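Architecture and fold: a report
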Amino acid sequence: MKAGRFWAWVVFALGAAYFFIPLIATVEFSMRMRRGEYSFDAYKVVLGDARFQATFGYSVLAAIFTIIVGVLIVVPAAYWIRLRLPQLRPIVEFITLLPLVIPAIVIVFGYIRMYGSNSPLPFLATDTGTNALLVIGYATLALPYMYRAVDTGLRTIDVRTLTEAAQILGAGWGTIITRVILPNVLIAVLSGAFLTFAIVIGEFTMASLLNRPAFGPYLQNIGANRAYEPAALAIIAFAITWGCMSLIQILSRFAPRSANRPN
């Protein structure tokens, strides 16, 4: 028993070292911009850069619109499948997994082919159309995570009973979804939203090929032309991602537990 516990701690220590040593080295390197002493000069340069502020603000705004699109599509779809069309669940789950196996570059070239300036629907000819397509593409990339988060939330509530009770009180389908179902799966929706936010902030391929001023291409551009600033940006991006993951863990504590009810 003691030997097993010892080797478990050895494996844990090796895993922690594998994770933290490169992170500590990156932090240490990012603070060596001032010769002979440690400083936060690289972070000051990055955070004070107008391009950082513009690209990060653009990606945050794109993430907000992506989350809204994802919620508007996924919540009603997952609710309806769970309530009336459970036989379609395997098909829908397969479809939502496709973004994990289809590269983002394929989606972008599909956009260019279908919505380029020479097509009948030249959305890419305008900034507004390109931004809309980028948001839709981001929503597609985040679909596996948003759908599974919402579906997991729906499993913890009695969807059929809540729906029947709301209908008895005279509620329509829109009211049922917005005022009955959504508040009960809000924690799950927020979990999917934070995952979506983390994906959008670091996404490079779509934003670069569509020539959008997003945070991902800015990260790549700084990494190719600077020394200490990329390390600082990597730590900032890491902190954003892990902040989102931590919020998901905190919110999951407030989620209702499944009662194993058949829906």
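Remember, predicted model here, so these are calculated numbers, not experimental data.

**Comments concerning the overall build of the protein chain**
If you tally the helices and strands in the protein chain, you get 12 helices and zero strands. Along the chain direction, N to C, the helices and strands of the protein chain fall in the order α-α-α-α-α-α-α-α-α-α-α-α. Based on the C-alpha atoms only, the size of the protein chain along its principal axes is roughly 75 × 70 × 30 Å. Within the protein chain, the fraction of its 263 residues that count as buried is 37%. Looking at the protein chain alone, contacts between residues at least 24 apart form 76% of all its contacts between residues at least 6 apart. As displayed, the protein chain has an accessible area near 15400 Å², and 69% of this comes from carbon and sulfur atoms. Across the protein chain, the 20 positively charged side chains and the 11 negatively charged ones have centroids separated by 8 Å.

**Structural notes on helix α8 (residues 173–184)**
Here α8 spans 15 Å end to end across 12 residues, near enough to the 16 Å set by a 1.5 Å rise per residue. All of the buried residues along α8 are Ile176, Ile177, Val180 and Ile181. Seen end-on, α8 carries its buried residues on one side only, within an arc spanning 130°. Buried residues in α8 make contact with α3 (50–83), α6 (127–155) and α7 (159–168).

**Thoughts on the packing of aromatic side chains**
For the structure on display, the rule yields 16 aromatic pairs. Aromatic rings pair up to connect Phe19, Phe20, Phe238 and Trp242 into one cluster.

**Regarding the pattern of salt bridges**
When their charged atoms lie close together, side chains carrying opposite charge are able to pair. Tallying each qualifying case throughout the model produces seven salt bridges. Measuring nitrogen to oxygen at the nearest pair gives 3.9 Å for the salt bridge that ties Glu28 to Arg32. With a relative accessible area of 27%, Glu28 lands in the partly exposed category. The network of salt bridges with common partners includes Arg34, Glu37 and Asp41.

**A look at the packing of α3 against helix α9 (residues 186–202)**
Orientation of α3 relative to α9, taken along the N-to-C sense of each, is 140°, at an axis distance of 9 Å. Here α3 is positioned oblique relative to α9, judged by the angle of their axes. Both α3 and α9 take part in a crossing whose hand is right-handed. Taking contact as the criterion, the partners of Phe56, Ser59, Val60, Ala62, Ala63, Thr66, Ile67, Val71 and Val75 in α3 are, on α9, Val189, Ala193, Thr196, Phe197, Val200 and Ile201. In the contact of α3 with α9, the residues fall into 12 nonpolar, three polar and no charged.

**Some remarks on the layout of surface pockets**
Considering only enclosed or pocket space, the largest pocket measures out at about 220 Å³ in volume. Around the largest pocket, the lining comprises 13 residues; the ones closest to its centre are Ile73, Val74, Ala139, Thr140 and Leu143. Every element with two or more residues in the lining of the largest pocket is listed here: α3, α4 (89–101) and α6. Per-class residue counts for the lining of the largest pocket are 10 nonpolar, three polar and no charged.

**Quick look at the confidence of the model for the protein chain**
For the protein chain, per-residue confidence averages 86 on the pLDDT scale, and 94% of positions sit at 70 or higher. Within the model, pLDDT remains below 50 along residues 258–263, and this stretch shows 11 contacts once partners closer than five positions in the same chain are excluded.

**Brief notes about empty space enclosed by the protein**
One pass over the structure, following the stated rule, counts one cavity of 30 Å³ or more. If you add up the space inside the largest cavity, you get close to 30 Å³. Around the largest cavity, the lining residues are Thr66, Gly70, Val74, Ala139, Ala142, Leu143, Met146 and Thr196. For the lining of the largest cavity, the secondary-structure elements that each account for two or more residues are α3 and α6. A per-element tally of the lining of the largest cavity places α6 first, with four residues. Grouping the amino acids of the lining of the largest cavity by side-chain chemistry returns five nonpolar, three polar and no charged.

**Description of a nonpolar patch on the surface**
Taken together, the side chains of Leu97, Leu100, Val101, Ile102, Ile105, Val106, Phe109, Ile112, Tyr145 and Leu209 make up a nonpolar region of the molecular surface, amounting to roughly 860 Å² of accessible area. For the nonpolar patch, the secondary-structure elements that each account for two or more residues are α4 and α5 (104–115). On the secondary structure map, Ile102 appears in the loop between α4 and α5. With a relative accessible area of 34%, Ile102 lands in the partly exposed category.

Basis of the calculations
Residues numbered from 1 in each chain as written. Predicted model: local features only at pLDDT ≥ 70, side-chain atom pairs only at ≥ 80, totals over all residues. Heavy atoms only, no water. Helix = DSSP H or I, 4+ residues; strand = E, 2+ residues; numbered from the N terminus. Buried < 20%, exposed > 50% of the residue type's maximum accessible area, 1.4 Å probe, protein only. Contact = heavy atoms within 4.5 Å. Areas by Shrake-Rupley, 256 points an atom, 1.4 Å probe, with all protein chains shown as cover. Lys, Arg positive; Asp, Glu negative; His and termini not counted. Charge placed at Lys NZ, Arg CZ, Asp CG, Glu CD. Expected span 1.5 Å × (residues − 1). Arc of directions from axis to C-beta. Phe/Tyr/Trp six-rings, centres within 6.5 Å; stacked < 30°, edge-to-face > 60°. Salt bridge = Lys/Arg side-chain N within 4 Å of Asp/Glu carboxyl O. Axes fitted to C-alpha atoms, helices over the stretch in contact; angles between N-to-C directions. Parallel < 35°, antiparallel > 145°, perpendicular 65-115°, else oblique. Left-handed = near helix turned anticlockwise from the far one by under 90°. Nonpolar A, V, L, I, M, F, W, Y, C, P; charged D, E, K, R; others polar. 1 Å grid on protein atoms, 1.4 Å probe; cavity = no way out; pocket = protein on both sides within 12 Å on 5 of 7 lines; lining within 4 Å. Points joined across faces, edges and corners; volume = space filled by probe spheres on them. pLDDT = per-residue confidence, 0-100. Patch = residues over 30% accessible without salt bridge, like charges linked within 9 Å, V, L, I, M, F, W, Y side chains within 5 Å.

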